[in-house]
Structures are given as structure tokens and as C-alpha cells.
Amino acid sequence: MLDEKVFQEDLLLSFYKKILTSHDLSAEQFSVLHIDSTLFANQYYLSTVMEFLIKYQILHKGEGDLLFFANGLQNIFEKYLDYQEFLVEANRLLVFTIEKKLNLGDHLSKENKQKILEYAYHNYIEEGYCFYPFPSSMVDKVKKDGLLIETIPFEEEMQKVEEIFENHQVKEIFGQSTSSIPKEYFSLTDSPSMAYFYSTKEPFYFYRFIGNTMEDAVDDRYEKGDQVACATQVEQFCNKKNLTEAEKATVMGYFNKMWEFYDLSSIKPCVAMIPRKVIGRDHLEDYQEIIDGCEERDIIYSLSQIMDSRYMMDHRYTKVLPKDFTVVTFPSFKTILSYEKKDPIVDLPPEEKTAPEVKVLEVTKNDHGYASVVALLGLFFIALGCTWLFISLYFGLH
């Protein structure tokens, strides 16, 4: 189970802020991120870091030293801003923590590789979790009623807003037609990065509505809960599209109702953690195949095959009872961005005062000519939870 308090530690808040405010990251442009191209690369990096922190906690059942692990992640981040290298070396650090936990020597031996993978499979798959992101204002309701199919608030007003913009040649202002928003199921995911990423943007269709009014510069005004900035943006877009005063009043009325209903000025990332065994996602059909083939492959690749997402959007048609999940709340963007850096004191064992040194593999051009593909698709894969595919390209496997 995750200890949400540790995610508020000074060392971590400082690390989060460094990621979100790094100009080197936000300067990256990836054309494949067409759907979410309004987002800074910083948020993908933060989602990746959160994924590793969550995986570490689940792997070691909250018994390990998350701050030590986070310190190692930060060392990697500061040394290698390149996303490819960060992702691979962060996975290597994860392997190191399992080696240490099991007191293993040479992890390249087949026997030790199998022990590492067996440990990961038992703790992360058999005893692991799936996730459900939701707006923080719904915490009490979710804890009381469970996870279930929700009705769309102010649905008639939403449809009117959609119709208004369609009449002004703006299609799918909510990122999809209102008629296609699921009403017979809700979705879980086994990807921690996906769960965290979407938890900062709930409800997602409303986030897309705000984002679709931003045609020029983009920022994290929604994630910070900045109502004035978001309202100004929507109103300016209405003016640009020449909406009538009555139409603009309808749009802004809907905006204000939604903002107040979800209390978005106080938004925090919230994720429900559901044990995999509760929903029948506690086994992998190809597990034995992964074990049998681990001798021929880098341990990082084999580990990612086990721990990467298999159910990115897992549709659920029946309720998940409150007794079958717990809720974890992460620091808000407001908290992160307003954090004033302190000198964190991390109480590490004497022999581990520094994070382990990581060796980065050279990636220029591999035998399969995938280097340019990797450079293009790095962030795209983490957005979809396809780390194992990214790593397979990194090592020239297919």
C-alpha cells in the first residue's frame, strides 16, 4: 500500500518542482503527441517519475526507503535529461533495489534474473494494484459509494455548448462528441503514470474543453486550479469565434457550474488503488515465457515485460465496493510550484549515503536502425504505458 505522506516530503516536492519548471524539458517538441500536444513535456516526465515511485512502493510493500530511491531518480534526472536514458536507467535503478532486497550478487546470472522477476511478479502483479483517477472533490462520495458508472453533470448544458461551437465550425470542443462519452462503463488502468497523469486533469473531457480554447501559448492553468485564467481563456475564445452574447452566456454559465461542482480551484490528484486480485488482473499469461527467455535478454527488458501496462483502459461494467480499494492523494500542482526549496535531510544507512552510480548505454544506431524511431517516440510510449516497447527498441529487440 502507498504511504501518501511520503509523497509530500521536502526532497520529493523539490524534485517535482525541478521537473515541472525545467526549461530544457518544456522546449522539447514531439509531433506524435498530437492529441495532447498542448501539454508540456515536463508533465510527462513528472508522470514517469511518479510511476517509478509508485512501482517502488508496491514492489517493496512500503518497507523500502522511498527517499533513497527518489534520490537515485533525481541523480539520474540531473545527469541525463534525455528521456530515453532516463527511462532505461530508472528501470536499472529499480532492478538494483530488488537485487539489494534479495541480497543477490551477479544479477546477470540466469538464476538471479529469475529471482528478480519472480519477486517482481509476486509483489507487483499477484499482490499489486490497478488504478482509477478521479477529481479530488469526489473523494468522500467515492469512499462512500464505491467506483461505479457516474452520470455526467449538467449534460444538457454540455450538449448546448457543443452545439454552439459546432455552429461556429468548432468540432468536438470536448475532445469527443458528447454522445460518445461512455455511460455504460468506467475505466481502470494498470499504468501508474497514466493514472497520475489523468488524475491531474479530471474530469478529462472538461480539461479538454479548456485546452481546446487555447490556440497559442499553453500552460498548466487547469492543473493549478486557476479559475480566472481558464475563464478568461474560454471567454476570449468565444469572442474570437464570434459567439453571440446569449451563446457566450450559455458557455460561461456551463464553465462556472462545472468549476464549482468539481471545486477545481482546490484540485488535487487522487487515485483509487484496487488490488488486482479483486478484478482478476493478478496474473500474466506469458509469465513463464518471460521467465524462460530472461537469460538471453537484458534484465531491464524482462522486468518491463512484467511491470508494464497491459490494461491501459480497462472497461468495468460493475461496481467496485469501497472495501476493495483505498484512495491516495498526491501533492497538487499549486503545492509543488509554490514549494520553497529546503536542504533535505535523508536518513540513509551509512553505507548508502549516495545513490548508486548508473551506467548509461550508448545509443547511436543499433542493429535494427531504430535510433531515430526511439528519439521520436519516447514520450509517446510513456503516455500510452508502453515502456516495454520503448525498451525493446532501445536494446534493438523486436
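Rules behind the numbers
Within any chain, residue numbers begin from 1 and follow the written order of that chain's sequence. It should be noted that, the model being predicted, local features are given only for residues of pLDDT at least 70 and side-chain atom pairs only at 80 or more, the latter also being counted only at that level, while totals for whole chains, interfaces and linings use all residues. Hydrogens and water are ignored here; the side-chain numbers use all heavy atoms of the structure. Counting from the N terminus, the helices are the DSSP runs of H or I reaching at least four residues and the strands are the DSSP runs of E reaching at least two. For every residue, the accessible area obtained with a 1.4 Å probe (protein chains only) is divided by the maximum for its type, and the residue is called buried under 20%, exposed over 50%, and partly exposed between those limits. Residue contacts are counted whenever heavy atoms from the two residues lie within 4.5 Å of one another. Methods summary: accessible areas were calculated by the Shrake-Rupley approach with a probe of 1.4 Å, and residue burial reflects only the protein chains presented. A helix is expected to span 1.5 Å multiplied by its residue count minus one. The criterion for an aromatic pair is that two Phe, Tyr or Trp rings (for Trp, the six-membered ring) have centres within 6.5 Å, with stacked assigned to planes under 30 degrees apart, edge-to-face to planes over 60 apart and tilted to the rest. Two thresholds decide whether a charge sits over a ring: the Lys NZ or Arg CZ must be within 6 Å of the ring centre and within 35 degrees of the ring normal. Working convention: axes come from line fits to C-alpha atoms, limited for helices to the stretch in contact. Angles between N-to-C directions cover 0 to 180 degrees. Here is the rule for angles: anything less than 35 degrees is roughly parallel, anything more than 145 is roughly antiparallel, 65 through 115 is roughly perpendicular, and the remaining ranges are oblique. Side-chain classes follow a simple rule in which Ala, Val, Leu, Ile, Met, Phe, Trp, Tyr, Cys and Pro form the nonpolar group, Asp, Glu, Lys and Arg form the charged group, and the remainder, Gly included, forms the polar group. Buried residues of nine kinds, namely Ala, Val, Leu, Ile, Met, Phe, Trp, Tyr and Cys, make up a nonpolar core once their side-chain atoms join them within 4.5 Å. A pair is scored as a salt bridge if a Lys or Arg side-chain nitrogen falls within 4 Å of a carboxyl oxygen belonging to Asp or Glu. Cavities and pockets were defined on a 1 Å grid built from protein atoms only: a cavity is a group of points that admits a 1.4 Å probe but offers it no way out, a pocket is an open group of points flanked by protein on both sides within 12 Å along at least five of seven lines, and a lining residue is one with an atom within 4 Å of any such point. Grid points are joined across faces, edges and corners, and a volume is the space filled by probe spheres set on the points.

*Asks:* Before we move on, could you go through the overall build of the chain and cite the residues and values that matter?
*Replies:* Across its full length, the chain carries 17 helices and five strands. Considering the chain as a whole, with its 398 residues, one finds that 54% of them fall into the buried category. Taking as baseline every contact in the chain between residues at least 6 positions apart, the subset at least 24 positions apart corresponds to 81%. Put simply, the chain shows about 18,100 Å² of open surface, and 49% of that area lies on carbon and sulfur atoms.

*Asks:* Residues and numbers for the environment of F333, please.
*Replies:* Mapping F333 onto the fold places it in helix α15 (residues 333–337). Note on F333: relative accessible area 2%, which makes it buried. Through-space distance from the C-alpha of F333 to that of L20 is 9.0 Å; in sequence the pair is 313 residues apart. With residues up to four places along the chain from it excluded, the contact list for F333 reads L20, Q43, L46, Y196, T200, D220, E223 and K224.

*Asks:* Go over helix α6 (residues 110–126), please, and point to the residues and values.
*Replies:* Helix length check: α6 (17 residues) gives 22 Å between terminal C-alpha atoms against 24 Å at 1.5 Å per residue, within 8%. Looking only at α6, the buried set comprises N112, K113, I116, L117, Y119, A120, Y121, N123, Y124 and I125. Where the residues of α6 are buried, they touch α3 (41–59), α5 (83–102), β1 (129–135), α9 (192–199), α13 (287–293) and α14 (299–307).

*Asks:* Please set out the packing of aromatic side chains residue by residue, giving values where relevant.
*Replies:* Scanning the model with the defined rule gives 30 aromatic pairs in all. Ring centres 5.8 Å apart and planes at 65° place the aromatic pair F15 and F77 in the edge-to-face group. Note that F15 is positioned in helix α1 (residues 10–20) and F77 in helix α4 (residues 66–79), a separation of 62 residues in sequence. Assessed through its relative accessible area of 3%, F77 is described here as buried. The lysine or arginine in question, K55, covers the ring of F52, its NZ or CZ lying 6.0 Å from the ring centre. Here K201 stacks its cationic end above the ring of F197, 4.5 Å away from the centre of that ring.

*Asks:* Explain the packing of α1 against α3 to me, using residue names and the numbers behind them.
*Replies:* It is at 8 Å that the axes of α1 and α3 come closest, and there the two elements cross at 150°. Considered as vectors, α1 and α3 are oriented roughly antiparallel to each other. Residues L12, F15, Y16, I19 and L20 of α1 form the contact with α3, whose own contacting residues are N42, Q43, Y45, L46, V49, M50 and L53. Class assignment of the residues belonging to the contact of α1 with α3 gives a composition of ten nonpolar, two polar and no charged.

*Asks:* Break down the nonpolar core for me, with residues and values.
*Replies:* Among the nonpolar cores identified, the biggest contains 67 residues, and F7, Y16, L53, F69, L73, I306 and F330 are the most heavily contacted of them. No other element matches α3, which puts ten residues into this core. Residues in contact with Y16, not counting those within four places in the same chain, are F7, L46, M50, L53, P331 and I336. Grouped together as the second largest cluster of nonpolar side chains are 52 residues, V234, L243, Y254 and W259 included.

*Asks:* Explain the pattern of salt bridges residue by residue, including any values.
*Replies:* This model, assessed by the stated rule, comprises 18 salt bridges. Measuring nitrogen to oxygen at the nearest pair gives 2.9 Å for the salt bridge that ties R92 to E89. Pair noted here: R92 and E89 are both in helix α5, with a separation of three residues, about one helical turn. Between E235 and K248 there is a salt bridge whose closest N-O contact spans 3.8 Å. Of this pair, E235 sits in helix α11 (residues 227–240) while K248 sits in helix α12 (residues 245–261); the two residues are 13 residues apart in sequence, bridging distant segments of the chain. For E235, a relative accessible area of 35% translates into the label partly exposed.

*Asks:* Can you explain the side chain of R316? Please cite residues and give values.
*Replies:* Relative to the assigned elements, R316 resides in strand β4 (residues 314–316). Judged by its relative accessible area of 16%, R316 is buried. Here R316 is in contact with Y185, F186, L188, I279 and R281, once residues within four sequence places are set aside.

*Asks:* Tell me about empty space enclosed by the protein, and please be specific about residues and values.
*Replies:* Going through the model one piece at a time under the given rule, you end up with three cavities of 30 Å³ or more. Counted as a void, the second largest cavity has a volume near 40 Å³. Considering the residues around the second largest cavity, the lining is formed by S199, T200, E223, I267, K268, P269, S332 and F333. By residue class, the composition of the lining of the second largest cavity is three nonpolar, three polar and two charged.

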